[in-house]
Amino acid sequence: MKWTPKVRATIACFGLVFIFSIFSGRLIFLQVVKHDQYAALAAEKHSTKEMLYARRGVIQDVNQEILAQDVPVRLAFADGSILNDPAGLADLFAKPLQMDREELEQELAGLQDAAKQSRQAKLPGVAPRYPAGVCDHALNKRAFVSEDTAASLLAEMKKRSLRGVFFKQDFTRNYPNGSMLCHVLGILNHDHAGVAGIEKTFDAQLRGNDGFRYFEHDRTGKELVAYGSQGQPARPGCDVRLTIDMALQNIVEKELEAACRQYRPVMAVSIIMRPKTGEILAMANRPAYDPNAVANSRERDRHNLAVEAMVEPGSVFKIVPVGAAFNERLFTPQTTIDCGNGQFKYAGKILHDHKPMGELTVEGVLAKSSNIGAARIGLRLGDQMLYSYARKFGFGERTDVALPSEVPGAIHPPYTWNKLTITRMTMGQEVDVTPLQMITAMSVIANGGHLMMPQIVREIVDDQGAVVKSYPPVEIRRVLSEAAARQVREALKGVEKKGGTAVEAVVPGYIGAGKTGTAQRVGENKKYLHNKYLLSFIGMLPADDPQFVCLVMLDCPEVKNPEDNYGGAVAAPIFARIAAKTACHMNLAPQFDPMQVALTQTRTK
Amino acid sequence: MHRKSVIILFFAVATLLVLGIVMLFSTSAFAVDRHGDALFFVKRQGMWLGIGFLAVVAGAMLDYHFWQRTWWVWFAASVVLLILCFVPHIGMRVNGSFRWLNLRILTFQPSEVAKLAAIIFLAYWFSLYAPESHEFLKGFLYPLLAMSVLMALIAREVDLGTTGLLVGVTFLIMFVAGTSMLYIAPLALGGVAGIFFIAVHMKERLGRIMAFMDLEKFKEGAGLQQWQALIAFGSGGVDGLGLGNGRQKMLYVPFAHTDFILPMIGEELGLRCALLIVFCYILVIVCGTLIAIHSRDRFGMLLGLGIVCMIALQAAVNIGVTTSLLPNKGLPLPYISYGGSNLVFCLLGVGILMNIYSRGLSDRGDSTTTRLQAKVTPRL
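Residues numbered from 1 in each chain as written. Chains lettered and ligands numbered in written order. Predicted model: local features only at pLDDT ≥ 70, side-chain atom pairs only at ≥ 80, totals over all residues. Heavy atoms only, no water.

1. A look at the overall build of chain B
1) Next: Broken down by element type, chain B carries 15 helices and three strands.
2) Next: Burial status across chain B gives 54% buried among its 380 residues.
3) Next: Taking the contacts inside chain B whose residues are at least 6 apart along the sequence as the reference set, 71% of them involve residues at least 24 apart.
4) Next: For chain B, the accessible surface area stands at approximately 15,700 Å², while carbon and sulfur atoms represent 70% of it. (Helix = DSSP H or I, 4+ residues; strand = E, 2+ residues; numbered from the N terminus. Buried < 20%, exposed > 50% of the residue type's maximum accessible area, 1.4 Å probe, protein only. Contact = heavy atoms within 4.5 Å. Areas by Shrake-Rupley, 256 points an atom, 1.4 Å probe, with all protein chains shown as cover.)

Structural data, given as structure tokens:
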């Protein structure tokens, strides 16, 4: 064969064709033999799991008014690998993120440097391109911005051709009523877990299930929406519906606030309870805090004193020996007791009344709050009976209300008592109780002798609106007979009548009943102080068929006139104001026309 | 076979062009972000296709001996243009190399003109000195010296891919023209050694070669592009993911719409289309060679073969790189990759081939039958 140009050209042609045949083989190898392997690699690289945070359930009052809810917000993150102008970004974001401009600029510049360095280092092998956090760095976890703000910030970024800051979806807890009901609602920590109040007790129900989602993204991590995604949607938490009525809560909070301004007590508690069911309709404490700004509050402000405070109840406790005495038929309301000249020597100590009382009926003992009379009733009952009735009324054990950190109080068994104890206990000393126990015990009187479990949650509702769990009234035990309870109620009416300790507790138009409490506070040397009192009043309305029981308690109020430093003068008027508004809100029909009564009184004068 | 070759050539090129524009549509969608217009690249490529169509018509209409007569114009023009690349304000510096001329309205690469000039020059030279083509001076050294002017300028731009391409085409034309293998072979070996030398002494390029040796290890760095290209091919499989469904184009493969378009085709359209493209190139090679062999004279044959070699070698390097058979070297895939100058050059080449074909038929000479056939065939 001659090596003509044509032959050479053909050889060159075959050479080139041969090369392309190799390519065909290579393509078949890559796309058929290695298909599975590379497809798996690709799937792994392109899809990412993203958490979808569940919306936490709403806390509602009995009328479904929202008390606590999740609000969607955006958290700011920075990506060091693409941010272009730390100074410009700092200008834009310092204010909305509540950060110092200089600090933010330094932080961003640091991220940019870190990204630059790792890019230059050309990390070998499979090491990640950027160290952790460089592309996904949270700027200020506590400063979230609303969805609208985030959108306008992003638009502004685009306008100024800035890059590198992006937002992620999150939720923040919002309490629309501010500090109102704060102790009952509680708060969340930074991991969205409830750490106090209802938020803590019902954390599991409120929390919901976080979902997730796999989506495909390009190399910068941007989602490819067109390719779709799969996963499991987040399931919102259940809503918790409380027994609290915000209208009543509002009344209570207002009055408590006014009382705090006037008396500056160390602490103050007020509770309204429906005695027939044990439902708590309102519960307010002072000091309080704003759950929307927990960081600005002091730890000691966050205690729910209604269930966490242990106090000596004072004379309010007299309903226990009197109730026991009626129930055991040892006394009738008209049995007379000699209260002497206001001094009662027993076991070497002298027990005082605030003034000489002389002969009193049992009703009078309650109405005038005679310590001596109560002590004599207690002595007649005996240690064991008094103790067992105190326990039956619910003292010394947790009420099991759905609030965390409840304390049981302390009531010591008779074998630890000394001779004096029985005379002290009848007037509410040497026992430690919580305000909630006090109002629950009073509800026994109001409810015909039945001890109801205090309820704060009415029902739990899932995100579809179906009731998951409801909390019907629970009777714990019968403490007193119907008759004994009525006798005590009748006796307690006397407290608000002329000559009683709390004439100022009268609500015009209604016949109420109640009991004052004036407990000496115990000082640091474990002796009773003579100028510090815990003043309280627990009343019910209307006395014949009580629809609500209300407790008002102020600790160490600053009372100008020392003679007014007792429950009837300080707590009772507050009760009267609350009770009047509550009766109005609850639509209780007045038992008589107060104007009429006033007129008759003037006429008789 | 020869008579149908131009039809086959035409359809092969048309297939490649269509696939190219379709895939450009698919891969450049992310341009929305950068240019604010999803059709940004498609519109530009459409404009270049229009210019390219004019180039085909011009090349086919113009007697190819025009190129023979004006060889020095092209040669001189490409030298001047290549030098202009280094002049500030006219030359554009892109990624550290001076490959572009900025003509205000549009930008183009003078090296494309230089490729054509080189082929014309070599064809002219070896048809002029046909009898001496086996000699050392006239058959080897002189043309090589002339070529080295172009090669040096292109190499100075830092466009080693095109330089290598020119070297390859030069040797192929010399081989066909009859230059002794005694001269070519040592130089070719020396060239390979030289490439290694350069590679070792230029850090970046060494990195690329090292990465090529072990793609998986360097998949986050120098080997990223090729590694991602492999994943694209592999995940495509036989059927592909479907047009527009490719994932790798989403910034995983840099230059997905230019040099690395083939992996995207493999991913979205599958093995069949990838093989179809390879087959189209084989058709271009075979038909082009047939046309060249049957040309009326030696200049036509060398010119046609030069064009075929230029297109084939470019495609070969591109496919070799994207399938990781060769170290990473950026050369566009003729007719498919986005890029104006190269498209126009390659289409002009097709036009010239068509002209060579028609002259080859009409002026074959002696028998009247062929003459008759020649007049009939194009009308088919």
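2. Describing the overall build of chain A
1) Next: Counting secondary structure elements, chain A contains 19 helices and 22 strands.
2) Next: Within chain A, the proportion of its 605 residues that are buried is 52%.
3) Next: Long-range contacts, defined as pairs at least 24 residues apart, comprise 71% of the intrachain contacts of chain A with a sequence gap of at least 6.
4) Next: Surface summary for chain A: the accessible area is close to 28,000 Å², and the carbon and sulfur share equals 52%.

3. Observations concerning the sheet that holds strand E22 (residues 548-555) of chain A
Residues and elements named next belong to chain A.
1) Next: Judged by pairing direction, the sheet is antiparallel, and its five strands sit side by side in the order E11-E10-E22-E21-E20 without closing on themselves. The open sheet terminates on both sides in strands that have one partner only, identified here as strand E11 (279-286) and strand E20 (513-522). Sheet twist, expressed as the mean angle between neighbouring strand axes with direction ignored, is 10 degrees.
2) Next: Where strand E10 (residues 267-274) lies against E11, seven bridges are found, and the strand directions are antiparallel. Bridging from a neighbouring strand, Val269 pairs with Asn285 of E11.
3) Next: Strand contacts of helix H18 (residues 567-585): E10, E20, strand E21 (528-541) and E22, with the helix running at about 25 degrees to E21, the strand carrying the most contacts. (Pairing = 2+ DSSP bridges. Axes fitted to C-alpha atoms, helices over the stretch in contact; angles between N-to-C directions.)

4. Here's the deal with a nonpolar patch on the surface
1) Next: On the surface, A:Phe18, A:Ile19, A:Ile22, B:Leu325 and B:Leu326 cluster together into a nonpolar patch covering about 400 Å² of accessible area.
2) Next: Within the secondary structure, A:Ile19 is located in helix H1 (residues 5-33).
3) Next: Take A:Ile19: its relative accessible area is 30%, and that puts it in the partly exposed class. (Patch = residues over 30% accessible without salt bridge, like charges linked within 9 Å, V, L, I, M, F, W, Y side chains within 5 Å. Salt bridge = Lys/Arg side-chain N within 4 Å of Asp/Glu carboxyl O.)

5. Quick word on the sheet that holds strand E2 (residues 97-102) of chain B
All names here are of chain B.
1) Next: What the three strands build is an open sheet, ordered E1-E2-E3; its pairing is antiparallel. The sheet is open, and its two edges are formed by strand E1 (91-94) and strand E3 (107-108), each paired on a single side.
2) Next: As paired strands, E1 and E2 are joined by three bridges and run antiparallel to one another. Among the inter-strand pairings, Gly91 is bridged to a residue of E2, identified as Leu101.

6. Digging into the side chain of B:Ser341
All names here are of chain B.
1) Next: Its location among the elements puts Ser341 in helix H14 (residues 340-362).
2) Next: The buried category is assigned to Ser341, whose relative accessible area is 9%.
3) Next: If we skip the residues at most four places from it in the chain, Ser341 touches Trp48, Thr107, Phe108, Gln109 and Glu112.

7. Brief notes about the environment of A:Gln464
All names here are of chain A.
1) Next: Position of Gln464 among the secondary structure elements: in the loop between strand E17 (457-461) and strand E18 (467-470).
2) Next: The class for Gln464 is exposed, based on a relative accessible area of 66%.
3) Next: Remark: the alpha-carbon pair of Gln464 and Pro236, spanning 228 residues in sequence, is separated by 9.6 Å.
4) Next: Among the polar contacts listed, one links the side chain of Gln464 to the side chain of Asp463, at a separation of 3.2 Å. (Polar contact = N/O pair within 3.5 Å; in protein donor to acceptor, adjacent residues only side chain to side chain.)

8. Overview of the pattern of salt bridges
Residues and elements named next belong to chain A.
1) Next: All told, the structure shown has 29 salt bridges over all chains when counted by the stated rule.
2) Next: The salt bridge involving Asp463 is made with Arg235; its shortest N-O contact spans 3.5 Å. Of the two residues, Asp463 sits in the loop between E17 and E18 while Arg235 sits in the loop between strand E8 (229-232) and strand E9 (239-242), which places them 228 residues apart along the sequence.
3) Next: Residue classification places Asp463 among the partly exposed residues on the basis of a relative accessible area of 30%.
4) Next: Of the charged contacts, one joins Arg521 and Asp555 as a salt bridge, the two residues approaching to 2.9 Å between their closest N and O atoms. In this pair, Arg521 sits in strand E20 while Asp555 sits in strand E22, placing the two residues 34 residues apart along the sequence.

9. Regarding the confidence of the model for chain B
1) Next: Across chain B, pLDDT averages 82, with 85% of residues at or above 70.
2) Next: Prediction confidence for the complex, expressed as pTM and ipTM, is 0.64 and 0.87 respectively. (pLDDT = per-residue confidence, 0-100.)

10. What about the nonpolar core?
Residues and elements named next belong to chain A.
1) Next: With 129 residues, the main nonpolar core has Ile198, Leu242, Phe393, Ile456 and Leu492 as its most contacted residues.
2) Next: Formed jointly, this core draws a minimum of three residues from each of two domains, domain 1 (49-242) and domain 2 (246-604).
3) Next: For Leu492, the residues in contact, after removing those within four places along its chain, are Ile319, Leu366, Met442, Ile445, Ala513, Gly514, Lys515 and Met540. (Core = buried A, V, L, I, M, F, W, Y, C linked by side-chain atoms within 4.5 Å. Domains from an automatic or database assignment.)

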